[in-house]
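# Residue-level structure breakdown
Below, each chain spelled out in residue letters.
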Amino acid sequence: MDTMDTRKEEAQMLLSRYGQEHLLRYYDELDDASRRKLISGIIQLDLQAVEQAWQRWKDSPAQSLAGMELAPLQASSWDEYTEEERERYASAGWSLLEQGKVGAIVVAGGQGSRLGYEGPKGAYDIGLPSGKSLFQLQAERLIHLSEKAGKPIAWYIMTSPENHEQTVRFFEQHHYFGYPREHCTFFVQGAMPAIDEHGKILMSAKDEICLAPSGNGDCFAALKRTGALLDMKRRGLEWLFYYNVDNALVRVADPLFIGAAASHPFPVAAKSVDKLYPEEPVGIFCYRNGLPSVVEYTVIPEEVMYAKDDQGRLLYRQGHISIQLFRLDFIEKAADLNLPYELARKKIRHIDASGALINPSEPNAYKMECFVFDFYPAAGDMTVWKVRREEEFAPVKNREGDDSPDSARLLLLEHHRKWLIAAGVTTERLGDRQVEISPLVSYAGEGLTQDVLRSLGI
Ligand SMILES: CC(=O)N[C@H]1[C@@H](OP(=O)(O)OP(=O)(O)OC[C@H]2O[C@@H](n3ccc(=O)[nH]c3=O)[C@H](O)[C@@H]2O)O[C@H](CO)[C@@H](O)[C@@H]1O
């Protein structure tokens with residue numbers, strides 16, 4: 001028996017243990033190169049994890065809440081602190097930045113399918129007068145802080161197998177937006193197979209398994225696998241600022257947040273906003289069996305979604321905006337935790353048993369993802385600060401309407417208008433002009449002197 005046959009037999013045995021033999025359905029039709037490709041794709045699958053996720057889902061789709069005691073998580077607001085306290089936190093944050101102890105990680109491996117954009121989401125131009133992409137806005141905010149701090153901020157960019165090359169090329173084409181290249185680390189997350197309604201793994205071609213990025217919860221394990229975690233340790237980082245690629249207003253590496261988190265004993269801190277309405281598509285912060293958690297918006301049961309407190313406000317109103325700080329010792333532990341995979345119903349292109357391509361217009365199968373917030377319980381407890389939505393949260397998720405490029409652009413421009421008014425510019429002088437202020441000029445509205453305003457043509 002030649003080696004190819006042996007490898008096929010190995011794959012067959014493995015597959016039959018998990019009821020996935022159909023993946024070899026086309027094997028005999030394939031040429032040698034395709035056979036090799038298919039077998040190596042099969043060998044790399046974590047079939048046990050697929051099986052576990054499927055069983056869990058089948059037994060109880062809203063599994064995460066079964067048998068759990070739920071309680072709301074209260075968030076503090078910056079407004080509850082005195083000016084003095086806020087200054088103390090901000091200066092603690094600056095001190096950590098000046099010592100180079102804070103890095104930033106952007107999770108940018110997602111597919112952006114709701115936006116209907118094929119490229120990496122961070123490359124998206126939301127139509128600002130400057131034409132800056134989301135990545136550029138983030139890079140310039142970090143550059144601004146690191147110049148003030150006099151220390152570089154190590155920036156880690158998580159991509160997925162399907163958008164890695166495009167992402168790196170985008171950065172190269174734009175000369176890293178002026179970011180010092182040696183402080184920019186790209187690392188690739190993992191992928192998991194898509195499955196159908198019966199838990200069977202789908203194929204995207206006769207020699208190819210249908211894979212999708214395995215969720216942002218892979219970030220810490222991927223940091224470890226790729227050596228990026230070692231890089232963090234070498235640099236002496238103590239905290240990592242985590243954020244979604246799609247928030248046009250994110251205050252990357254916010255010194256106030258860093259200082260506040262570092263002044264508390266917990267290894268995880270997060271920002272939240274008050275939910276606008278019960279069905280708003282954001283996860284909700286809560287305690288589950290006494291541990292800090294997030295219930296994702298896709299699985300919030302109605303009785304939780306609409307529950308009110310005695311003042312008539314939403315009981316579970318702290319919306320998760322995916323802005324976190326993680327202490328490095330926590331990340332090291334988290335990198336070895338196996339988070340459960342959740343199933344998400346999506347439109348997935350694949351081939352059927354006859355080899356015909358299925359290109360669905362409605363969700364037809366499941367992707368498997370693990371979520372970063374599933375690490376929160378492991379922290380024991382965490383601090384959450386409520387921030388002003390109009391200052392820090394402008395997500396770009398949908399093609400149009402709420403949470404779209406248009407809504408994010410308007411929020412950002414409105415925010416900058418407020419900065420100008422706070423700097424003394426009258427509304428008469430501004431008129432209906434839309435002025436965009438470069439993050440290189442101002443990080444959060446500071447520094448808008450008369451000279452700067454003149455240079456902006458105001
Ligand atoms: C799972 C998760 O985080 N959900 C949060 C996410 O929802 P949302 O529905 O946006 O979650 P997505 O999983 O689509 O994406 C969140 C972020 O994770 C990245 N990503 C996603 C999948 C993947 O395999 N790899 C990867 O890097 C995406 O590029 C994006 O930056 O943001 C909302 C705020 O805007 C929060 O209220 C949700 O609780």
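Along each chain, the written sequence defines residue order, and numbers are assigned to residues from 1. With the structure being a predicted model, the display of local features is reserved for residues of pLDDT at least 70 and the display and counting of side-chain atom pairs for 80 or more, all residues being used for whole-chain, interface and lining totals. Excluded from the side-chain calculations are hydrogens and water; all other atoms, namely the structure's heavy atoms, are used.

The name recorded for the protein in an unreviewed UniProt entry is UDPGP type 1 family protein, from Paenibacillus vulneris. UniProt positions are given in the numbering used here, feature names are shortened, and annotations may be inferred rather than shown by experiment. Taken directly from UniProt, the Sequence similarities (unreviewed entry) text for the protein runs: "Belongs to the UDPGP type 1 family."

### Looking at the overall build of the protein
Of the regular secondary structure elements, the protein holds 15 helices and 19 strands. The C-alpha radius of gyration of the protein comes to 24 Å, within 12% of the 23 Å expected for a compact globule of 458 residues. Taking the principal axes of the C-alpha coordinates as reference, the protein spans close to 80 × 55 × 45 Å. The 458 residues of the protein split such that 53% are buried. A sequence separation of at least 24 residues applies to 74% of the contacts in the protein between residues at least 6 apart. A total of about 20600 Å² of accessible surface is found on the protein, and carbon and sulfur atoms cover 48% of it. Positive charges come from Lys and Arg alone, negative charges from Asp and Glu alone, with His and the N- and C-terminal ends not counted. Note on charges: their place is set at NZ of Lys, CZ of Arg, CG of Asp or CD of Glu. Here the protein contributes 52 positively and 67 negatively charged side chains, and the mean placements of these two sets differ by 2 Å. For the purposes of this entry, the term helix denotes a DSSP run of H or I that reaches at least four residues, the term strand denotes a run of E that reaches at least two, and both are numbered from the N terminus. Every radius of gyration here is taken over C-alpha atoms, with the globule rule written as 2.2 Å times N^0.38, N being the number of residues. Categorising residues by exposure relies on relative accessible area from a 1.4 Å probe, with only protein chains included: less than 20% of the type maximum marks a residue as buried, more than 50% marks it as exposed, and the intermediate range marks it as partly exposed. Any two residues whose heavy atoms approach within 4.5 Å at even a single point are treated as in contact. Only the protein chains shown count as cover for residues, with accessible areas throughout obtained via the Shrake-Rupley method and a probe of 1.4 Å.

### What to know about the site of the ligand
Consider each residue's heavy atoms; a residue with any of them within 4 Å of a molecule or strand counts as near. Close to the ligand lie 24 residues, the nearest being Gln189, Glu296, Tyr297, His320 and Lys397. N or O atoms within 3.5 Å of each other form a polar contact, as long as, within protein, one can give a hydrogen and the other can take it, and as long as residues adjacent in sequence are counted only when both atoms are side-chain atoms. Residue Asn244 places a side-chain N or O atom 3.1 Å away from an oxygen atom belonging to the ligand. In the model, an oxygen atom of the ligand is placed 3.3 Å from a nitrogen or oxygen of the Ser322 side chain. Against a free-state accessible area of 720 Å², the protein chains account for coverage of 93% of the ligand.

### A short note on the pairing of strand E19 (residues 383–386)
By the convention used here, strands pair only if DSSP detects at least 2 bridges between them. In this structure, strand E2 (residues 76–77) lies alongside E19, joined through two bridges in parallel fashion. In the sheet register, Ser76 faces E19, and the bridge partner there is Trp385. Inspection of the sheet shows strand E11 (residues 268–274) paired to E19 by four bridges, in the parallel sense. The residue of E19 that forms the bridge with Ala269 is Thr383.

### Observations concerning the packing of aromatic side chains
Centre distance within 6.5 Å is the pairing criterion for rings of Phe, Tyr and Trp, where only the six-membered ring of Trp is used; planes under 30 degrees apart are then read as stacked, over 60 as edge-to-face, and the remainder as tilted. Across all of its chains, the model carries 24 aromatic pairs by this definition. Each ring, one from Tyr117 and one from Tyr124, has its centre 4.8 Å from the other, and the planes form 85°; the classification is edge-to-face. Taking relative accessible area as the criterion, Tyr117 reaches 27% and is therefore assigned partly exposed. When the centroid spacing of 6.1 Å and the interplanar angle of 10° are considered together, the rings of Phe326 and Phe330 count as stacked. You can call Phe326 buried: its relative accessible area is 0%. Exposure remark for Phe330: the relative accessible area of 4% places this residue in the buried category.

### A word on helix H1 (residues 3–17)
An ideal rise of 1.5 Å per residue puts 21 Å on 15 residues; H1 measures up with 21 Å between its terminal C-alpha atoms. Among the residues making up H1, those that are buried are Met4, Lys8, Ala11 and Leu15. For H1, the angular spread of the buried residues around the axis is 65°, confining them to a single face. Exposed and facing more than 90 degrees away from the buried side of H1 are Thr3, Met13 and Arg17. Structurally, H1 contributes buried residues whose contacts are with helix H2 (32–43) and helix H3 (47–59). Phi turns positive, to about 65°, at Gly19, one or two residues after H1. Each helix should span, by expectation, one fewer than its residue count multiplied by 1.5 Å. The directions considered for the arc are those from the helix axis to the C-beta atoms.

### Some remarks on the environment of Ser407
Looking at where Ser407 falls in the secondary structure, it is placed in helix H13 (residues 405–422). With 281 residues separating them along the chain, Ser407 and Ile126 place their C-alpha atoms 9.1 Å apart.

### Quick look at the side chain of His144
Inspection of the secondary structure assignment puts His144 in helix H5 (residues 134–149). Polar contacts involving the side chain of His144 include one to the main-chain carbonyl oxygen of Pro439, which spans 2.7 Å. If sequence neighbours within four positions are ignored, His144 has contacts with Pro439, Leu440, Val441, Ser442, Tyr443 and Glu446.

### A word on the nonpolar core
Core analysis: the biggest nonpolar cluster contains 66 residues, and Tyr156, Phe220, Leu223 and Phe326 have the highest contact counts within it. A per-element tally of this core places H3 first, with six residues. Discounting chain neighbours no more than four positions away, the residues touching Tyr156 are Ala104, Ile105, Val106, Thr185, Phe187, Ala228, Asp231, Met232, Arg235, Leu237 and Leu240. The nonpolar core is taken to be a set of buried Ala, Val, Leu, Ile, Met, Phe, Trp, Tyr and Cys residues, with the residues joined through side-chain atoms within 4.5 Å. In this structure, Trp78, Ala139, Ile323 and Phe393 belong to the second largest nonpolar core, which totals 49 residues.

### Topic: the pairing of strand E5 (residues 184–188)
E5 sits mainly inside the fold: four of its five residues count as buried. Pairing of strand E4 (residues 155–159) with E5, which is carried by five bridges, proceeds in the parallel orientation. Across the sheet, Trp155 pairs through a bridge with Cys184, a residue of E5. A crossover gets the label right-handed when its path from the first strand over the helix to the second runs clockwise, viewed with the strands pointing away from the viewer. In this view, the connection linking E4 to its parallel neighbour E5 by way of helix H6 (residues 164–173) has right-handed handedness.

### A closer look at the packing of helix H4 (residues 83–98) against helix H9 (residues 255–262)
To define axes, lines are fitted to C-alpha atoms, for helices over the stretch in contact only, and angles between the resulting N-to-C directions are given on a 0 to 180 degree scale. Packing of H4 against H9 leaves a shortest axis separation of 6 Å and a crossing angle of 95°. Compared by their axis directions, H4 and H9 come out roughly perpendicular. Taken together, the residues of H9 that come into contact with H4 (itself represented by Arg86, Tyr89, Ala90, Ala92, Gly93, Trp94, Leu96 and Leu97) are Pro255, Leu256, Ile258, Gly259, Ala260 and Ala262. Each residue receives one of three labels: charged for Asp, Glu, Lys and Arg, nonpolar for Ala, Val, Leu, Ile, Met, Phe, Trp, Tyr, Cys and Pro, and polar for the others, Gly being one of them. Of the residues contributing to the contact of H4 with H9, the split by class is eleven nonpolar, two polar and one charged. Oblique is the label for any angle not covered by the other classes, which are roughly parallel (under 35 degrees), roughly antiparallel (over 145) and roughly perpendicular (65 to 115).

### Digging into the pattern of salt bridges
Each reported salt bridge corresponds to a side-chain nitrogen of Lys or Arg within 4 Å of a carboxyl oxygen of Asp or Glu. A full pass over the atoms with the stated rule returns 32 salt bridges. Where Asp246 meets Lys121, a salt bridge forms, and the shortest distance between an N and an O atom there is 2.9 Å. Of this pair, Asp246 sits in the loop between strand E10 (239–244) and H9 while Lys121 sits in the loop between strand E3 (102–107) and H5, and the two are 125 residues apart along the sequence. Both residues of the pair, Asp246 and Lys121, belong to the buried class. Where Arg225 meets Asp218, a salt bridge forms, and the shortest distance between an N and an O atom there is 2.7 Å. Judged by its relative accessible area of 51%, Arg225 is exposed. One connected set of salt bridges, linked through shared partners, spans Asp79, Arg251, Asp254, Lys271, Arg388, Glu391 and Glu392.

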